[in-house]
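Coordinate inspection notes
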Amino acid sequence: MSIAKRVQQWATFARTWHIYDCTWQNPFESAALVKTHLMGLHKPIYHPMIFKRSLWTTHLQTRQARQPTQLLPVYSVRLHQRNMGRLGTVDPSSYSQPELITTEHTQLNWQVDFAATKLRGSVVHKFNVLSSNLEKILLDVRDIDVKNATLLAGGTEMPINYFISEPVPDIGQKLTLELPSGTAKGSLNVRIDYETASNASALQWLNPTQTLGKKHPYMFSQCQAIHARSVMPCQDTPAVKFTYDATVEHPAELTTLMSALIDKKESGKTHFKQQVPIPAYLVAIAIGKLVSRPLGENSNVWAEEDIVDACAEEFSETSTMLKTASDLCGPYVWKQYDLLVMPPSFPFGGMENPCLTFVTPTLLAGDKSLANVVAHEIAHSWTGNLVTNKNFEHFWLNEGFTVFVESKIVGRMQGAKELDFRMLSNLTELQECLRTQLSDTPELTKLVVDLSNCGPDDAFSSVPYIKGSTFLRYLEDLLGGPSVFEPFLRDYLKKFAYKSIETQDFKNALYDYFKDTDKKDKLSVVNWDLWLTCEGMPPIIPKFDESLSNVSKELATLWSKQTVDELAKNSTIQQNISIHQLIDFLGKLIENKDIVELNERKIELLESTYNLKQSKNAEVRFRLNRLIIRARLIKRLDEIIEFANGNFRMKFCRPIYRDLGNWPEAKPEAVRNFLSVKDQMMAVCSHTIEKDLGLK
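1. A short note on the overall build of the chain
Each helix and strand counted, the chain has 22 helices and 24 strands in total. By residue count, 59% of the 696 residues in the chain fall in the buried class. The contacts of the chain with a sequence gap of at least 6 include a subset with a gap of at least 24, amounting to 72%. Total accessible area on the chain is roughly 28500 Å²; 49% of this is exposed by carbon and sulfur atoms.

Here's what the structure looks like:
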């Protein structure tokens with residue numbers, strides 16, 4: 001039997017019984033390299049040439065009676081458990097080492113098993129080795145069942161040893177692939193055969209009854225921030241970007257879509273290509289009974305048939321938004337821009353998967369009033385997807401820039417007053433976030449956060465979005481306005497296209513761009529520490545046009561200070577306002593600490609004055625339900641629960657559950673309901689709500 005075959009057999013045996021060979025490259029050597037090959041595992045290590053399963057007990061019973069020279073060494077090592085710490089030098093949330101090795105291309109081969117709720121197959125990574133004599137490759141996994149790991153070279157296959165560390169809660173595990181000694185710099189291909197867990201954190205499996213059509217199952221993914229590791233072993237860090245191909249075998253009657261272009265379709269099999277490098281969190285898949293409608297020359301909307309026409313109407317301005325964004329940011333490199341309207345369990349407003357943006361059905365208001373989320377996701381095609389934060393401590397480089405560009409798209413389409421109104425409304429949302437979600441973790445209100453002992457999901461908030469975009473607006477105003485700052489924005493996006501960066505890279509680019517201009521001295525007044533590392537609201541609020549915002553502010557003041565009888569006689573509350581002013585007014589009213597006579601009569605007057613009961617706008621209904629909770633109207637608890645169960649978008653369900661958790665009379669029912677629907681939520685959603693309710 002060859003050494004390679006013997007090693008392969010031993011590796012399989014060792015993985016089954018949690019025994020790890022420390023010198024697999026030459027099984028006849030002693031275990032002198034324990035320290036090198038231990039990899040921080042909390043497992044005993046034994047030498048393969050001594051132990052067979054049937055001999056373990058005998059050996060352990062007799063080892064004390066034998067002379068040390070009669071046996072090869074036996075090492076049993078236990079490491080003390082520690083706090084998470086920084087898993088890597090580049091990314092605190094990833095074990096991978098992009099400073100030593102980086103993924104260039106990935107080939108996925110998946111078979112979709114709806115019955116077992118698993119993906120089965122393999123991934124082939126083409127790596128670029130940056131360090132001489134690299135001994136191991138570290139990848140991120142989460143509940144992945146690895147079957148084999150194989151080195152591919154020159155048409156030959158060589159099995160390689162691998163082992164998986166103990167899990168870090170809510171983060172995942174380290175997959176170690178040991179390399180032959182003398183591994184050189186350059187290209188290296190590795191295939192890993194595996195299957196996902198039935199409850200992989202990135203995947204949501206819906207049975208037919210959970211879909212609109214009620215006849216076919218549905219599956220979709222959500223890999224951001226660090227859940228790609230649950231669907232494939234990978235360098236799950238935004239510091240690494242790679243192209244990918246995929247072949248997906250699926251039920252023939254269903255349509256499969258990915259964050260890539262369709263290369264070829266066969267019955268029950270679809271092939272994809274993504275030729276623009278992306279981080280792992282942008283790998284996405286959705287499978288269901290889906291149909292499409294055109295939105296423009298290179299844009300379609302996909303959904304279940306029952307709602308696809310309504311979706312096409314709601315998002316009819318997509319092509320205009322895409323052109324406006326291209327005028328602002330430069331050429332669109334992704335070729336196709338499609339939308340997929342997701343099932344209600346999708347946890348975000350949108351997800352900027354390249355070529356295929358996922359959007360929540362809560363955007364279907366019937367009047368296009370919430371379609372600005374599409375402008376946000378389109379903006380990500382440059383800010384986030386093309387220029388990417390190197391790790392999620394610098395998440396504001398993705399989201400702050402995207403909100404900034406989104407506001408400019410809105411401004412060009414609807415006017416400068418509307419742009420400023422949206423940014424002021426965002427500040428109201430940020431205030432609420434700091435008061436509630438982040439009240440116990442003020443360190444997460446910094447623009448650049450420390451994720452050494454905190455996962456990206458736990459740090460997720462509106463801070464990088466709103467505080468980040470406010471900082472950019474401050475810089476724009478300081479340097480002379482859009483005519484000065486927008487050319488810099490295009491230069492910045494061109495300079496860092498296809499790259500992953502940190503805040504210092506942005507700062508350097510800003511100073512470099514303006515160093516030979518009359519704007520150079522203006523940058524000297526920017527207090528970077530104040531903006532980046534101080535807690536709380538933005539230290540400076542730019543001068544916005546407040547004409548639209550003042551209307552909602554005045555209404556919030558009236559409704560908080562006047563009694564029901566006084567309001568009924570006040571004609572001011574009858575004035576015509578836009579849907580966005582209504583949303584902003586309700587948000588500001590929630591933020592008022594004292595609301596006079598917040599009771600059933602005031603809620604009913606509010607509903608009748610603004611026709612709230614008939615509203616299809618999820619943002620309006622969300623704020624109304626929060627006011628009902630604030631008024632402690634226990635007899636309306638059922639409709640609050642119905643809203644919470646109607647969608648699992650975290651923007652809505654997390655504050656609703658937090659508010660119910662702070663209402664002693666309603667909390668038991670809120671907890672009972674959450675536990676009954678928890679399994680219908682994606683992991684990122686249920687995990688955070690469990691913490692909000694004090695269950696975790």
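Moving on, there is more to tell.
2. Considering helix H17 (residues 600-610)
Side chains of residues three or four places apart in an α-helix project in the same direction, reflecting 3.6 residues per turn. Looking at H17, one finds that the buried residues are Lys602, Ile603, Leu605, Leu606, Glu607 and Tyr610. At its buried positions, H17 is contacted by helix H14 (547-561), helix H15 (564-569), helix H16 (579-591) and helix H18 (618-630). You can read the cap of H17 off the contacts: a side-chain oxygen lies 3.2 Å from the backbone nitrogen of Arg601, and it is on Asn599.

3. A short note on the pairing of strand S18 (residues 291-296)
Bridge count for S18 against strand S19 (residues 299-303) is five bridges, and the pairing is antiparallel. When the bridges of S19 are listed, Ser292 appears paired with Trp302. Hairpin connection between S18 and S19: a loop of two residues separates the two successive antiparallel strands.

4. A short note on the packing of aromatic side chains
All chains considered together, the criterion is met by 39 aromatic pairs. Ring centres of Tyr513 and Phe514 lie 4.8 Å apart, and the angle between their planes is 80°; this geometry places the pair in the edge-to-face category. We classify Phe514 as buried; its relative accessible area is 2%. Seen from the ring of Phe496, Lys495 lies directly overhead, with NZ or CZ sitting 5.8 Å from the centre. Stacked on the ring of Phe652, the Lys or Arg Arg649 has its end atom at 4.8 Å from the ring centre.

5. So, the side chain of Thr211
Along the chain, the position of Thr211 falls in the loop between strand S11 (203-206) and strand S12 (218-221). A polar atom in the side chain of Thr211 sits 2.7 Å from the backbone oxygen of Pro208. With sequence-adjacent residues up to four places away left out, Thr211 is seen in contact with Leu206, His216, Tyr218 and Glu304.

6. Notes on the sheet that holds strand S9 (residues 173-178)
If you walk across this open sheet you meet the three strands as S5-S9-S8, and the pairing is antiparallel. Of all the strands in the sheet, the pair left with one neighbour each is strand S5 (136-141) and strand S8 (162-164). The sheet shows a mean angle of 20° between the axes of neighbouring strands, direction not considered. Examined bridge by bridge, S5 and S9 share six bridges and lie antiparallel to one another. Across the sheet, the residue bridging to Leu138 is Thr176, located in S9.

7. A closer look at the sheet that holds strand S16 (residues 269-278)
A sheet is described by the order of its strands in space; here eight strands give the open sequence S7-S6-S10-S4-S3-S13-S16-S15, paired in mixed fashion. Only two strands of the sheet have a single partner each, and these edge strands are strand S7 (156-159) and strand S15 (261-266). The mean inter-strand angle of the sheet, taken between neighbouring strand axes irrespective of direction, is 20°. The pairing of strand S6 (residues 145-153) with strand S10 (residues 186-195) spans seven bridges and is antiparallel. Looking at S10, one finds that Leu152 is bridged to Asn189.

8. Here we look at the nonpolar core
Among soluble globular proteins, nonpolar side chains are generally buried collectively. In terms of nonpolar packing, the biggest core is built from 211 residues, with Phe315, Tyr492 and Phe506 touching the most fellow members. In terms of residue count, helix H10 (residues 463-479) provides more of this core than any other element does, eight residues in total. Apart from residues no more than four positions distant in its own chain, Tyr492 is found in contact with Val387, Leu397, Phe401, Ile501, Phe506 and Ala509.

9. Some points on helix H21 (residues 667-677)
The complete set of buried residues in H21 reads Ala670, Val671, Asn673, Phe674 and Val677. Buried positions in H21, seen along its axis, are confined to an arc of 165° and lie on one side of it. Within H21, the exposed residues directed more than 90 degrees away from the buried face are Pro668 and Leu675. Looking at the buried side of H21, the elements it contacts are helix H19 (637-646), helix H20 (650-661) and helix H22 (683-692).

10. A word on the pattern of salt bridges
According to the stated counting rule, one finds 42 salt bridges in the structure shown. Between Arg191 and Glu157 there is a salt bridge, with its nearest N and O atoms 3.2 Å apart. On the criterion of sequence distance, the pair formed by Arg191 in strand S10 and Glu157 in strand S7 is long-range, its members being 34 residues apart. A relative accessible area of 53% places Glu157 in the exposed class.

What counts as what
Residues numbered from 1 in each chain as written. Predicted model: local features only at pLDDT ≥ 70, side-chain atom pairs only at ≥ 80, totals over all residues. Heavy atoms only, no water. Helix = DSSP H or I, 4+ residues; strand = E, 2+ residues; numbered from the N terminus. Buried < 20%, exposed > 50% of the residue type's maximum accessible area, 1.4 Å probe, protein only. Contact = heavy atoms within 4.5 Å. Areas by Shrake-Rupley, 256 points an atom, 1.4 Å probe, with all protein chains shown as cover. Polar contact = N/O pair within 3.5 Å; in protein donor to acceptor, adjacent residues only side chain to side chain. Pairing = 2+ DSSP bridges. Phe/Tyr/Trp six-rings, centres within 6.5 Å; stacked < 30°, edge-to-face > 60°. Lys NZ or Arg CZ within 6 Å of the ring centre and 35° of its normal. Axes fitted to C-alpha atoms, helices over the stretch in contact; angles between N-to-C directions. Core = buried A, V, L, I, M, F, W, Y, C linked by side-chain atoms within 4.5 Å. Arc of directions from axis to C-beta. Salt bridge = Lys/Arg side-chain N within 4 Å of Asp/Glu carboxyl O.

The analysis is restricted to geometry; functional conclusions fall outside its scope.
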